[in-house]
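Inside the fold
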Amino acid sequence: MRIVEAEWATQFETALPRLSAEILQEMETRKENPSKEFLESVAKTYNVDELYIIDEDLKVAATTFDADLDLDMSSFSQEYTDYLEGIVGAGRVSVDRVSVSTKTGLLKKYAYYSPVGSRIIFNADVTILDRIGGKSEIDLGAFLYDDFLTNVKRSHSYIADFDLFTLSQIDRWSLIRQGSKLDEGIAQRFLQGDSEIVDKNTDHRIYRLMSLSEHGMPGLRFVAAITIDDAAYARYQPERALYFLLFGITASLFTSIVLSEAFFRRFFTSRVDALIAGVDRINSTPEHRIELKGNDELSDTAASINRLAEEAARRDRDLRDLNAQLEQEVDRRTLEMQNAMAIAEEANRAKSIFLATMSHELRTPLNAIIGYAQFLPIAMNRNFDKDKLADTAASIERAGLHLLNVINSILDLSKIEAGQYELAIDVHPVRRMIEDAIDLCAPLIRQRDIQVELTCDPDATGRFDRTAMLQVTLNILNNAAKFSPILGRVTITAAIVDNEMRVTIADQGMGMDAIGVERALEPFQQLVSDDVTKAHGGTGLGLAIVKRIVDLHGGTLEIDSTPGVGTKVGYSLPQ
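What you see is a predicted model, and the numbers here were worked out from it, not measured in a lab.

What follows is about unusual backbone geometry. Positive phi, normally seen in glycine, also occurs at Asp-449, with a value near 55°. Its relative accessible area of 44% is what places Asp-449 among the partly exposed residues. Phi at Asp-498 is positive, roughly 50°, even though this residue is not glycine. With respect to the secondary-structure elements, Asp-498 resides in the loop between strand E13 (489-497) and strand E14 (500-506). Classification of Asp-498 as exposed rests on a relative accessible area of 66%.

Quick look at the packing of helix H9 (residues 430-440) against helix H11 (residues 466-483) now. Two elements in contact, H9 and H11, have axes whose closest approach is 9 Å; the angle formed by their N-to-C orientations is 50°. The orientation of H9 relative to H11 falls into the category oblique. As for how H9 packs across H11, the hand of that crossing is right-handed. Here H9 contributes Arg-432, Met-433, Asp-436, Ala-437, Ile-438 and Leu-440 to the contact with H11, which in turn contributes Arg-466, Met-469, Leu-470, Thr-473, Leu-474 and Leu-477. Across the contact of H9 with H11, the residue classes break down as eight nonpolar, one polar and three charged.

Let's shift gears to the confidence of the model for the protein. Per-residue confidence for the protein gives a mean pLDDT of 76; residues scoring 70 or more make up 71%. Ranking the helices and strands of the protein by mean pLDDT puts E14 first, with 96, and helix H13 (residues 530-536) last, with 45. The low-confidence segment residues 134-143, where pLDDT is below 50, has 12 contacts with residues more than four positions distant or belonging to other chains. Every residue in residues 215-219 is under pLDDT 50, and counting partners more than four places away or in other chains gives 20 contacts.

Taking 1.5 Å per residue as the helical rise, H11 with its 18 residues ought to reach 26 Å, and the 26 Å between its terminal C-alpha atoms agrees with that figure. Taken as a whole, H11 has its buried residues at Ala-468, Met-469, Leu-470, Gln-471, Val-472, Thr-473, Asn-475, Ile-476, Leu-477, Ala-480, Ala-481 and Lys-482. Its side-chain oxygen placed 3.1 Å from the backbone nitrogen of Thr-467, Asp-465 serves as the N-cap of H11.

Counted according to the given criterion, the structure contains 19 salt bridges. In this structure, Arg-320 and Asp-316 form a salt bridge, with 2.0 Å as the shortest nitrogen-oxygen distance. Taken together, the residues Arg-320 and Asp-316, both in helix H7 (residues 297-381) and four residues apart, mark about one turn of the helix. Residue Arg-320 is classed as partly exposed on the basis of its relative accessible area of 48%. Taking relative accessible area as the criterion, Asp-316 reaches 36% and is therefore assigned partly exposed. The shortest N-O distance in the salt bridge between Glu-435 and Arg-431 comes to 3.0 Å. With Glu-435 and Arg-431 both in helix H9 and four residues apart, this pair spans about one turn of that helix. Residues participating in the shared-partner salt-bridge network are Arg-431, Arg-432, Glu-435, Asp-436 and Arg-466.

We now examine the pairing of E13. Both strand E11 (residues 451-456) and E13 contribute to a ladder of six bridges, which runs parallel. Looking at E13, one finds that Gln-451 is bridged to Arg-489. Pairing of E13 with E14, which is carried by seven bridges, proceeds in the antiparallel orientation. When the sheet's bridge partners are listed, Val-497 is paired in E14 with Glu-500. Joining the antiparallel neighbours E13 and E14 is a turn of two residues, in which Asp-498 adopts a positive phi near 50°.

Turning to the sheet that holds E11, a few remarks are in order. Spatial ordering of the open sheet is given by E11-E13-E14-E16-E15, a layout of five strands whose pairing is mixed. Two strands in the sheet have a free side with no partner beyond their single neighbour: E11 and strand E15 (556-562). Neighbour to neighbour, the strand axes of the sheet diverge by 10° on average, direction disregarded. Here H11 sits on the sheet and contacts E13, E14 and strand E16 (566-574); the angle it forms with E16, its principal contact strand, is near 170°. Packed on one face of the sheet, helix H14 (residues 542-552) meets E15 and E16 and runs near 145° to E15.

Definitions and limits used
- Residues numbered from 1 in each chain as written.
- Predicted model: local features only at pLDDT ≥ 70, side-chain atom pairs only at ≥ 80, totals over all residues.
- Heavy atoms only, no water.
- Buried < 20%, exposed > 50% of the residue type's maximum accessible area, 1.4 Å probe, protein only.
- Helix = DSSP H or I, 4+ residues; strand = E, 2+ residues; numbered from the N terminus.
- Axes fitted to C-alpha atoms, helices over the stretch in contact; angles between N-to-C directions.
- Parallel < 35°, antiparallel > 145°, perpendicular 65-115°, else oblique.
- Left-handed = near helix turned anticlockwise from the far one by under 90°.
- Contact = heavy atoms within 4.5 Å.
- Nonpolar A, V, L, I, M, F, W, Y, C, P; charged D, E, K, R; others polar.
- pLDDT = per-residue confidence, 0-100.
- Expected span 1.5 Å × (residues − 1).
- Polar contact = N/O pair within 3.5 Å; in protein donor to acceptor, adjacent residues only side chain to side chain.
- Salt bridge = Lys/Arg side-chain N within 4 Å of Asp/Glu carboxyl O.
- Pairing = 2+ DSSP bridges.

Next comes the structure, spelled out in structure tokens:
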């Protein structure tokens, strides 16, 4: 029997990896578990009766036997669960477990294979009955009973009857798939841990949980029901007592010589085996630790190995953490580089906008000044009337003032950015400052027929740098008048509320969206079309200067704007 099993296992050492490769290729192609039809085809090719794919949770993921689909293999026994988990990712064929049926004459053996790096276990079983000569039901029964049961009865003459019961009703992996049913009450007691039960109704029947491991069938378990012949047992007792007496004398003589050495060797060998098994388990499962109690060198060695495993695990964790930190650092540096590139691109774009804007804003008034200056001598030589000469001089003055205003705006922004803009804060009338801003903006207001409404307490006073806040108010008012429709209206409200000086200027212009409001506070940003920009002029510095001056006062600037409705700009200064 064992020769047949060894031959079969050797063949499967080459067959099962090839079978596994075909299944893995099918799973990779289909991106899902293989179908029952595919598994049946592969099983037929390799002469396999049944084929199971067990996933990492020890559940049947695919099978040729539909009834077992999604079956939880870990629920059978802890020993079986440990056995399967022990070969996960091992990359080797493991042959174990036998299924025997005395009714059908079916004898099967099971094999498991888990490819290296995989958490999937392939389970296949093959009928090997034909390999022992195609034995019939009677021959197989003789193999079981003659080799085991008959020997038991021969050595125990007081046994009147001997029955076998399967545990398949309560333990799927009893590995006797067919047979007599055991009484449910007795079966439950075996489930609770009993190994021998005496029938309370009679003293002549004993139930014992037994196995055929010693007969080359590991895991084959059953319940033996033994019926005792009282008369034979009574005759057997003196013989048995004499036998045990002689055996005891012989055993004690032998034990006195070899007990210490034999016990030590057995004890030492088992502990060495446990140590080796633990090291193998750590190689496949790094989280495993060797449990070897005692105060000897083997225990110390196991403890040292555990410490080395802990250290290796700690270094592995540190390495993974370091890799994660490096990846995060690379991501952070990459993001910083991207942000820096975006800022550089934005700065380059702002520079281009600045050059384009300044080219227009500086060249236009300079050309006007030069043109009118060249025209003056001609006009004087040709005796143009004084009104014409006065208009020419006024045009030169306007162009010069505009040029001066542009240059002053650039210089003011530069001083603010450089931290050299100094404030001279004092107490000033609020209404007078706003009225001066309206007077300075009067030419544009009259040109566009804008109606300006001012609401402010004449006696209200505030603490601020008058020159700076006059420029702030003028810049806001200039934008309101510039982008309001002709015959539009601009409202200005100012008051001292809760120790704050609050000024709000609202217009009925084209308005801005949220992105436009954000961009309006950046230097040299023109938020309207080129045609509108050329029509109204401007450098895009007005609101940028406003924001920075208000910040220097420790105040806040608020812009509420709606496209097509208008814009409301307000600032608040602490008092």
